[in-house]
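# Descriptive analysis of the structure
One letter stands for each residue in the lines below.
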Amino acid sequence: MLQINVENLRMQKLPHIWCPGCGNGIALSALTRAIDKLGYDHDEVAIVSGIGCSSRSPGYLNFNTLHTTHGRAIAFATGLKIFKPKMKVFIVTGDGDCTAIGGNHFIHAARRNIDLNVILFNNNIYGMTGGQASPMTPFGRTATTAPYGTVERNFDIMELAKAAGATFCGRATAAHPRLIESLIVKAAQNKGFSVVEAMLPCPIGFGRRNKLGGPVEMMKYLEENSVRVQKAQKMSEEELKGKFVIGEFYNKPAPEYIEEYDKIIAKLKK
Ligand SMILES: Cc1ncc(C[n+]2csc(CCOP(=O)(O)OP(=O)(O)O)c2C)c(N)n1
Ligand code: SF4
């Protein structure tokens, strides 16, 4: 059974604000289990978020936490990491927070390969503000801002992260909590910019409007339509339509931003 270590929670901040059946808690608990597995002290971990339902997570977590402004979590985390390079920094961000208003921070942090770990809580919608479409709302799905279905194509964040320069990326769904956890462990072990996408049900802002049923049906949908990366490689584009490819997508080291900066500082000090 999957358990959560209560020492990782700020019990005084509970109950949380999330709707019944929201997937955020699944990713939050996977993050805490990953931190336990990595053996980090509470004092050496920082969790940074922007604004949104998902971005409320750090408030419930008993680590160093920063709840910042919408879209700016990566910018704050970059400053923190530069000032305290030994800190293990995790960013909890929603699909709107990370890929719309925060999109430019995301691609440039990836390009720099700064040692940060983005945990993208992807519920395909702006949950907190009532269900507007985000850049990760799948084509054709409805939202308050797209009542007849969005005509915009959604980002594939794995492809975007890799193309921008991230050195680790992986995806899992709420129906695969152990995979979310193990991807977060690997992300943290990567010395560079890492992205873990957790596909999570938002039954209120996304599921209800798109007639995907309640939380149980949404979880089943995620489970039944997921395909492991290795299997997906042998499938045609047609066969992959509507499927969520999950697993480790990319893991290849490259020069890390702070280490490169330190080299220049050391050279100039000589
Ligand atoms: C600068 C700014 N613009 C807009 C908002 C309003 N706002 C708050 S949360 C949010 C979207 C949240 O969606 P997402 O990041 O996907 O997270 P979720 O709530 O789905 O977890 C928006 C637009 C804001 N707080 N600040
Ligand atoms: S609106 Fe969606 S993301 Fe926000 S708490 Fe409710 S179910 Fe979760």
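Before any of the text, the structure's been laid out above.
Residues numbered from 1 in each chain as written. Chains lettered and ligands numbered in written order. Predicted model: local features only at pLDDT ≥ 70, side-chain atom pairs only at ≥ 80, totals over all residues. Heavy atoms only, no water.

### Here we look at the environment of Cys22
Put simply, the rule reads: The helix and strand labels rest on DSSP assignments: H or I over at least four residues marks a helix, E over at least two residues marks a strand, and numbering proceeds from the N terminus. The criterion used for residue contact is that any of the two residues' heavy atoms lie within 4.5 Å.
If you trace the backbone, Cys22 turns up in the segment before helix 1 (24–38). Residues Cys22 and Pro201 lie 179 residues apart in sequence; the distance between their C-alpha atoms is 5.9 Å. When near neighbours in sequence (up to four residues on either side) are disregarded, Cys22 contacts Pro201 and Pro203.

### What about the site of ligand 2?
Using the following cut-off: By convention in these notes, a residue is near a molecule or strand provided one of its non-hydrogen atoms lies within 4 Å of it. As a working rule, the residues Ala, Val, Leu, Ile, Met, Phe, Trp, Tyr, Cys and Pro are called nonpolar, Asp, Glu, Lys and Arg charged, and the rest polar, with Gly in that last group.
Near ligand 2 the following residues occur: Trp18, Cys19, Cys22, Cys53, Asn123, Gly127, Cys202 and Pro203. Of the residues contributing to the shell around ligand 2, the split by class is 6 nonpolar, 2 polar and no charged.

### Here we look at the pairing of strand 4 (residues 117–122)
Stated formally: Relative accessibility under 20% of the residue-type maximum defines a buried residue, over 50% an exposed one, and the middle range a partly exposed one, all with a 1.4 Å probe and only protein chains included. Any two strands with at least two DSSP-identified bridges between them are counted as paired.
Counting buried positions along strand 4 yields 6 of 6 residues, so the element is predominantly enclosed. Two elements, strand 4 and strand 6 (residues 194–199), share 6 bridges in a ladder whose sense is parallel. Each bridged residue has a counterpart across the sheet, and for Phe121 the counterpart in strand 6 is Ala198.

### As for the site of ligand 1
Convention followed: Polar contacts here mean pairs of N or O atoms no more than 3.5 Å apart (in protein, one a potential hydrogen donor and the other a potential acceptor; neighbouring residues in sequence count only if both atoms are side-chain atoms). Accessible areas in this description were obtained via Shrake-Rupley with a 1.4 Å probe; residue shielding takes into account the shown protein chains only.
Taken together, the neighbourhood of ligand 1 is formed by 16 residues, with Cys53, Ser54, Gly96, Asp97 and Gly127 sitting nearest. Residue Cys53 places a main-chain N or O atom 2.8 Å away from an oxygen atom belonging to ligand 1. Residue Asp97 places a main-chain N or O atom 2.7 Å away from an oxygen atom belonging to ligand 1. Protein contacts shield 73% of the accessible area of ligand 1, which totals 590 Å² for the unbound molecule. Per element, the largest residue contribution to the shell around ligand 1 is 4 residues, and it comes from helix 3 (residues 95–101). Its residues assigned to classes, the shell around ligand 1 comprises 6 nonpolar, 8 polar and 2 charged.

### Digging into the sheet that holds strand 2 (residues 64–67)
Strand pairing in a sheet relies on backbone hydrogen bonds, with the paired strands running either antiparallel or parallel. Selection rule: Interaxial angle, 0 to 180 degrees, is taken between N-to-C directions of lines fitted to C-alpha atoms, where a helix line uses only the stretch in contact.
Judged by pairing direction, the sheet is mixed, and its 8 strands sit side by side in the order 2-1-3-4-6-5-8-7 without closing on themselves. The sheet is open, and its two borders are formed by strand 2 and strand 7 (226–228), each paired with just one other strand. When strand polarity is set aside, the average angle formed by the axes of neighbouring strands in this sheet is 20°. Alignment of strand 1 (residues 45–49) against strand 3 (residues 88–94), held across 5 bridges, turns out to be parallel. Paired with Ser49 across the bridge in strand 3 is Val92. The sheet strands contacting helix 5 (residues 157–164) are strand 4, strand 5 (168–173), strand 6 and strand 8 (244–251), and the helix crosses strand 5 at an angle near 170°. Contacts between helix 8 (residues 215–224) and the sheet are confined to strand 5, strand 6, strand 7 and strand 8, with strand 7 contributing the most and set at about 30° to the helix.

### Observations regarding the nonpolar core
So the rule is basically this: Side-chain atoms within 4.5 Å are what join buried Ala, Val, Leu, Ile, Met, Phe, Trp, Tyr and Cys residues into a set we call a nonpolar core.
Judged by nonpolar contacts, the single largest core of 36 residues is most densely connected at Leu31, Ile35, Ile47, Phe90 and Ile184. Mapped onto this core, the elements with two or more residues apiece are helix 1, strand 1, strand 3, strand 4, strand 5, helix 6 (177–189), strand 6 and strand 8. What Ile184 contacts, discounting residues up to four positions off in sequence, is Ala30, Leu31, Ala34, Phe90, Ile119 and Val196. One finds Leu116, Val118, Leu120 and Ala161 within the second-largest nonpolar core, a separate group that totals 27 residues.

### Here we look at helix 2 (residues 73–83)
What counts is decided by this rule: To obtain the arc, one takes the directions from the helix axis to the C-beta atoms.
Buried within helix 2 are the following residues: Ala73, Ile74, Ala77, Thr78, Leu80 and Lys81. Each buried residue of helix 2 sits inside an arc of 170° when the element is viewed along its axis, so together they form one side.

### A word on the packing of helix 4 (residues 103–112) against helix 5
Using the following cut-off: If an angle is under 35 degrees, it is roughly parallel; if it is over 145, roughly antiparallel; if it lies from 65 to 115, roughly perpendicular; otherwise it is oblique.
Relative orientation of the contacting elements helix 4 and helix 5 amounts to 50°, with a least axis distance of 7 Å. The orientation of helix 4 relative to helix 5 falls into the category oblique. On helix 5, the residues touching Phe106, Ile107, Ala110 and Arg111 of helix 4 are Ile157, Leu160, Ala161 and Ala164.

As far as function goes, none of this settles anything; it's purely spatial.
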